[in-house]
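Remarks on the overall topology
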Amino acid sequence: MHDVVGHSFSVVLLHLAGARTVLDSDPAKAADALRRAEDVGRRGMDDLRQTIGLLRSGGETLQAVTAAADLAALVDEYRMAGLGIDATLDPAVDDVAGAARIVTHDVVREALTNCAKHEPSSAVEVSVGVSDACVEVRVGNDCASRPQPSDGAGLIGLLQRVKALDGDFEAGPSTTGSSWVVHARIPRQVDASHGAERTATSTAPIDERTSTPT
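Just so it is clear, the structure is predicted and the values come from calculations on it, not from any experiment.

This next bit is on the overall build of the chain. Of regular secondary structure, the chain possesses six helices and five strands. Listing each helix as α and each strand as β along the chain from the N terminus yields α-α-α-β-α-β-β-α-β-β-α. Looking at the 214 residues of the chain, the share that counts as buried comes to 43%. Intrachain contacts of the chain at a sequence separation of at least 6 include 74% that bridge at least 24 residues. Summing over all exposed atoms, the chain offers an accessible surface of approximately 10900 Å²; the carbon and sulfur share of this is 53%.

Structure follows, in structure tokens:
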């Protein structure tokens, strides 16, 4: 539920902010940004209704993604909303286990949502690479100022999902302190039972903007 609402709301706000800045100088561009905000909002409401319906029926809420294509579409959606993103997406992500593809998509989406929320004017770097052992995801953005910490619900959810696949997850300031980085290593092949044991032992809290440096 957090993912569905947070992602859509962040993109809508980016479009609204863009419309506000050009409302007087370029009304046509402002109108286009408002149309995009409306479209994203409507899709978000549809996704929310579907998610609630799945929860009520006890159905599976994770949706299979088409990996590299879906990741590229996700990045493009934030670009169109005004976020400056330099992305490198390895097409070999199509060849990893389905659960790993889903969690990879979740990590990128949550990280971009946080970038839009905390530093919408900063440059963002997204990297998704695939090795023989794992999918490595890294999303970093410049931090002009130290953001205020929040309850960290989104990052805690990512930690749990990555650990459930026997992966590793970190989120925090870089060693130089000039950027904020979300970093995940997700095994290509998934041993869900072993990952569940690791999740049960991962109880340390993570703040949205204060965590283990990467």
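There is more to say after this.
Let us now look at the pattern of salt bridges. A complete count under the given rule lists six salt bridges for this structure. For Asp76, the salt bridge is made with Arg79, and the minimal N-O distance between the two is 3.0 Å. Residue Asp76 and its partner Arg79 are both found in helix α3 (residues 68–80); the two are separated by three residues, about one turn of the helix. For Arg109, the salt bridge is made with Asp106, and the minimal N-O distance between the two is 2.9 Å. With Arg109 and Asp106 both in helix α4 (residues 98–118) and three residues apart, this pair spans about one turn of that helix. The class of Arg109 is buried, set by a relative accessible area of 16%. Ionic contacts of the salt-bridge type, sharing partners, join the residues Asp106, Arg109 and Arg161 into one network.

Looking now at the confidence of the model for the chain. Residues of the chain with pLDDT of at least 70 account for 68%, and the chain-wide mean is 76. The least confident element of the chain is helix α6 (residues 192–201), whose mean pLDDT is 44; the most confident is strand β2 (residues 123–130), at 95. Between residues 145–151, whose pLDDT stays under 50, and residues either more than four places distant or in other chains, the model counts 14 contacts. Low pLDDT, under 50, characterises residues 192–214; the predicted model gives this stretch 63 contacts beyond four residues in sequence or across chains.

What follows deals with α3. Here α3 contains 13 residues, and its C-alpha end-to-end distance of 18 Å stays within 8% of the 18 Å for a straight helix at 1.5 Å per residue. Every buried residue of α3 is listed here: Ala68, Leu71, Leu74, Val75, Glu77 and Tyr78. Gly82 sits one or two positions beyond α3 and adopts a positive phi of about 115 degrees.

What follows deals with the sheet that holds strand β1 (residues 84–89). Overall, mixed pairing links the five strands, which are arranged β1-β2-β3-β5-β4 in an open sheet. Taken across any chain shown, the strands that pair with only one partner, and hence form the sheet edges, are β1 and β4 (168–173). Neighbour to neighbour, the strand axes of the sheet diverge by 5 degrees on average, direction disregarded. Note that β2 and strand β3 (residues 134–142) share seven bridges and pair antiparallel. Paired with Gly129 across the strands is Glu136, a residue of β3. Packed on one face of the sheet, α3 meets β1 and β2 and runs near 170 degrees to β1. Each of β1, β2, β3 and β5 (179–187) touches α4; the most contacted strand, β3, lies at about 5 degrees to it.

Rules of the game
- Residues numbered from 1 in each chain as written.
- Predicted model: local features only at pLDDT ≥ 70, side-chain atom pairs only at ≥ 80, totals over all residues.
- Heavy atoms only, no water.
- Helix = DSSP H or I, 4+ residues; strand = E, 2+ residues; numbered from the N terminus.
- Buried < 20%, exposed > 50% of the residue type's maximum accessible area, 1.4 Å probe, protein only.
- Contact = heavy atoms within 4.5 Å.
- Areas by Shrake-Rupley, 256 points an atom, 1.4 Å probe, with all protein chains shown as cover.
- Salt bridge = Lys/Arg side-chain N within 4 Å of Asp/Glu carboxyl O.
- pLDDT = per-residue confidence, 0-100.
- Expected span 1.5 Å × (residues − 1).
- Pairing = 2+ DSSP bridges.
- Axes fitted to C-alpha atoms, helices over the stretch in contact; angles between N-to-C directions.

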